[in-house]
Structure formats: structure tokens, C-alpha cells
Amino acid sequence: MTTSAVRGTYQVTASELQRRIAARTARVGVVGQGYVGLPLAAALARAGFAVTGLDTDLDRVTALNAGRPHTPDVSGEALAAMLREGRYHATADASALGRCDVVIICVPTPLRKSRDPDISFVVAAAEEAAARFRPTQLVILESTTYPGTTQELVVPLFEARGARPGVDVFLAFSPERIDPGNARYGVQDIPKVVGGVTRECTALAALLYGHVVPRVLQVSSPRVAELAKLYENVFRNVNIALANELALMCGRLGVSTREVIDAAASKPFGFLPFYPGPGIGGHCIGVDPAYLAWTMRLNGYEARLIRLAEEINRSMPDHVVELVAQALNRQRRSLNGARILALGVAYKRGVGDTRESPALEVLATLAERGAEVAYADPHVPEVAVAGRMLKAVEPTEERLAAADCVVVLTDHPEFDYVRLIEVASVVVDTRDATYGLPAPSGRVVTL
Ligand SMILES: NC(=O)c1ccc[n+]([C@@H]2O[C@H](COP(=O)([O-])OP(=O)(O)OC[C@H]3O[C@@H](n4cnc5c(N)ncnc54)[C@H](O)[C@@H]3O)[C@@H](O)[C@H]2O)c1
């Protein structure tokens, strides 16, 4: 067979791929069935695609095939319906990728201990896909990563297997922007940004996402899409740092941070309110800026605002411990030996995710300084704090009253804040969960 004959076949196959995506008959493989991959798989299945969810975690695969989801964004009923209708199944067998028309990679991108990017999951997943590559496939990377990953890392893996980007493999980057537990914005409500290695790669990826999201923005390259995602989270990180610094300043000036922010937010343009908290947690806001700072260091540039924001945000857990110590001191008690009950250890409200949660650092430091710590969290039955497993307790009236200080670290909606401020002797509220409630003077301390 001549090259042109091969090319001719591929061209037909490429248009067949396009036809299948347009007709929703393409088989889609989603690599990584975590907080990002599972809701995406569900949205694609809902749109009519047959979806294979690939994950290396066998327990997760078994649970998913039994109809037990692990994220608030996909309900048990929705998963059961996908399985029943044959639109979805999970597997740990990577050979399934060879049967897919589209492969979407949603694996973790954490940091190493040195706070450099750990790109090993992306490499492993892309290698799996490249090893099983068959003409003609659309392969999309969704994991948040440093600018250049798709072009410099993913493309060569496919080229090494003889695949030609834009000819027989269509490669693109499209960042996931999901906010787990957000009831207002799910995958299907958030516009997608798509940057392909070639124009055709971009167009094919946009065609796919057009079936599940309200709007697809096509950009000129994967690098633009990669950087756009990092910029979104750097923006959030820097603004949270600014709110945290405002809180530190308001504490010294004796005014309420929340009142200042709400007053500023009455301006109808040019201001976006962000609120202080006990620090940054989760897999994104605290991690993604480090990906950009690392890339920039390699390019001879120090990202100064990113560094400063990180410094401020990372100082917040210690600040919270100081507020607890001061609150106890005002009651003539010391932190050493005090009984502290923390409400919430998840990194944000409504979820059970404790990755990078600042609550863990607050609890560890309190314990280190001699406090007896316990926690309540309806979403986290147990958690390791400074190498010791703690089990969640019920925040009963007796426990709230018995604690020397209750510290609100996650503003889960399940907690009864009215009762909390009625019965607790002193509350350090790092999330403004009690804001506006009638608190006896001096009993509630906020950031
Ligand atoms: N969680 C969020 O809020 C969020 C939002 C937007 C973007 N992101 C980004 O999306 C990516 C995924 O994050 P997540 O929160 O879904 O992670 P997660 O840890 O919840 O899920 C990742 C899944 O991938 C699986 N996995 C790892 N390596 C694999 C491999 N080689 N093959 C198959 N499965 C593999 C893991 O077992 C796990 O189930 C990250 O880059 C993250 O930064 C996350």
C-alpha cells in the first residue's frame, strides 16, 4: 500500500471519526474516574455516547460498576441509569482504549514534596493511550498541567508509535473546570476551552464537547488552553490571598473583614468579592499556581505574585491557631490542655475531600501545642492528623458546650450554626458561617 493510499484511507477514516462524533455513535474512553473523570463520563453518557471509564483503582472500578459513585456530582440513580442503559461501564483494563474513537485523560497532577509538578500520572496515562493507539482517534488531555505539556510530552509519545498528529491522531488540550459539589454549575453548565495541535484537532474536540456544554471556545494552541486554566486558578489564589491579607489587617485595625468586603462589593463594577479562610486546600487552587511558577522558573522568570500569594495563604493555618490561643487566653485558659472541637475538615463545604485541606494543618498544630482535638464532619468519617487517625464525632449540644473552643474550619451546610453560638463557650469561625447570627458579645471570633 502506498503512502498516498494509506493517507486516502486515513482521510476517509478521519471523516468517519467526525461523523461518529457528530452522530454521537463514537465510543469514548475516559481515563481516570475521579472527581473530574466520572462527572465528564456521566455527561457524555447522558448526551448519548457509549462511555468506558478506565481507572487503575480496582476498588473504584468495582464500586462504579455496582452503581456506587464517590462524588456528589454524580448521583447513585444517575450512575445506575447509565449502567442499566449500557451507556457506561468502568474497567481497569487499558486494552479498552484500543476500541475507543475518543480518549479523554483526566488523571491527577499533584505536586512533589519539593512542590515541583508531578506529571507521572499524565505520562503513564498518555503512554497507555499511545501504546493502544489505532488510526484514527481523538485524544484529549483534561488534567490541569503546565503550558507545553500536550505539545512537548503527549505528542512525542504518539509520534514514537508512528502516529501523525493531525493526520491519524487528533490531539487537543481542554481543561476541566468542574467545581465538585457546586449545585449550580455542573460539567454541562460550564463552557469549554479547546486548543488542538492542529486546527482539525481543535475542531474535532469542539464538536465532541458541543454535545455536552453550552459553549465551546476554540483557541489557537494547546499551550493557550493550558495557560488559560492555570490563569483562572492563579486569579482565584491571588485574590484569596488578598482577602486573607485584608483579614490580617482588619484584625489589627479592629474592624470586621466581612463588613469591609461586603461594603466594597456594593460597587456594581470593577470589584469581585473574595473572602478569607483558614488557607487553601484541594487539588487545584493551591497546586496549579505552582505549575505555572515552575514553568516560568525554567523560562528564567520568577512569578512574584504567585510566590507572595502562596506565602500569605500558607500562613493562614498558623494565624487560625493564634486566634484560638488568644480566644482561650481571654477566658484565662491556655491552649495546652484545652479541648478543641473542629467543625469540618474537608477543604471546602459540601464535599468529603481532605486533600491539602488547611484544617488538617490547623488540627495538627493545635495538637502539637498540647490541645485535645476532636472533629465533626458529616462527609469525612475518619482522617489522619499528624500521623494519628481521628474518627469524626457527632457535634451534639453536649459536645459543643463541653469544648473550650469550637473552631469552624469548613462551613458545611449540615452544621447548626444557630445552636452552635447559643451553646459553645467560644467559637473561632474561619468561614463566616455564623455571620449575621445574633452572637453574645465576645463569643465569636472571625477572620
Ligand atoms: N477536583 C477538582 O476540583 C478539579 C477541577 C478541575 C480540574 N481538575 C484537574 O483534573 C485532574 C484530575 O483530578 P481529579 O480531582 O479528578 O483527581 P482524582 O484523584 O479524583 O481522580 C483521578 C483518578 O485517576 C485514576 N488514575 C490515576 N492514574 C491513572 C492511569 N494511569 N490510568 C487510569 N486511571 C488513573 C486514579 O485512580 C483516580 O481515580 C487533575 O489534573 C486536576 O488538577 C480537578
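Here the structure is a predicted model, which means the values were calculated and not measured. (Residues numbered from 1 in each chain as written. Predicted model: local features only at pLDDT ≥ 70, side-chain atom pairs only at ≥ 80, totals over all residues. Heavy atoms only, no water.)

Re the site of the ligand
Around the ligand, 26 residues are found, and the nearest of them are V36, D55, R60, T109 and T144. In the model, an oxygen atom of the ligand is placed 2.6 Å from a nitrogen or oxygen of the D55 side chain. Coverage of the ligand by the protein amounts to 91% of the 830 Å² it exposes when considered alone. Among the residues making up the shell around the ligand, the classes are represented as 12 nonpolar, 8 polar and 6 charged. (Near = heavy atom within 4 Å. Polar contact = N/O pair within 3.5 Å; in protein donor to acceptor, adjacent residues only side chain to side chain. Areas by Shrake-Rupley, 256 points an atom, 1.4 Å probe, with all protein chains shown as cover. Nonpolar A, V, L, I, M, F, W, Y, C, P; charged D, E, K, R; others polar.)

Notes on the pairing of strand 1 (residues 27-31)
Along any regular strand, the residues point their side chains to alternate faces of the sheet. With 4 of its 5 residues buried, strand 1 lies for the most part within the structure. For strand 1 and strand 2 (residues 50-54), the ladder comprises 5 bridges, and the chain directions are parallel. Within strand 2, the residue paired with G29 across the bridge is T52. (Buried < 20%, exposed > 50% of the residue type's maximum accessible area, 1.4 Å probe, protein only. Helix = DSSP H or I, 4+ residues; strand = E, 2+ residues; numbered from the N terminus. Pairing = 2+ DSSP bridges.)

Here's the deal with the sheet that holds strand 5 (residues 137-141)
Strand pairing in a sheet is mediated by backbone hydrogen bonds. Such pairs are either parallel or antiparallel. Strand order across the open sheet formed by 8 strands is 3-2-1-4-5-6-7-8, with mixed pairing between neighbours. At either margin of the open sheet sits one strand with a lone partner, and together these are strand 3 (88-91) and strand 8 (216-219). Neighbour to neighbour, the strand axes of the sheet diverge by 25° on average, direction disregarded. Taken together, the 2 bridges between strand 6 (residues 169-173) and strand 7 (residues 192-196) define a ladder with antiparallel strand orientation. Bridge pairing in strand 7 links A172 to G196. (Axes fitted to C-alpha atoms, helices over the stretch in contact; angles between N-to-C directions.)

A few points about the pattern of salt bridges
Throughout the structure, instances matching the rule amount to 26 salt bridges. Notably, a salt bridge pairs R419 with E397, separated by 3.6 Å at the nearest N-O pair. Here R419, found in helix 14 (residues 417-423), pairs with E397, found in helix 13 (residues 397-402); they are 22 residues apart in sequence, far enough to count as distant. A relative accessible area of 37% places E397 in the partly exposed class. A cluster of three or more residues bridged by salt bridges with shared partners is formed by E16, R19, R20, D101 and R134. (Salt bridge = Lys/Arg side-chain N within 4 Å of Asp/Glu carboxyl O.)

Nothing here speaks to function; it is all geometry.
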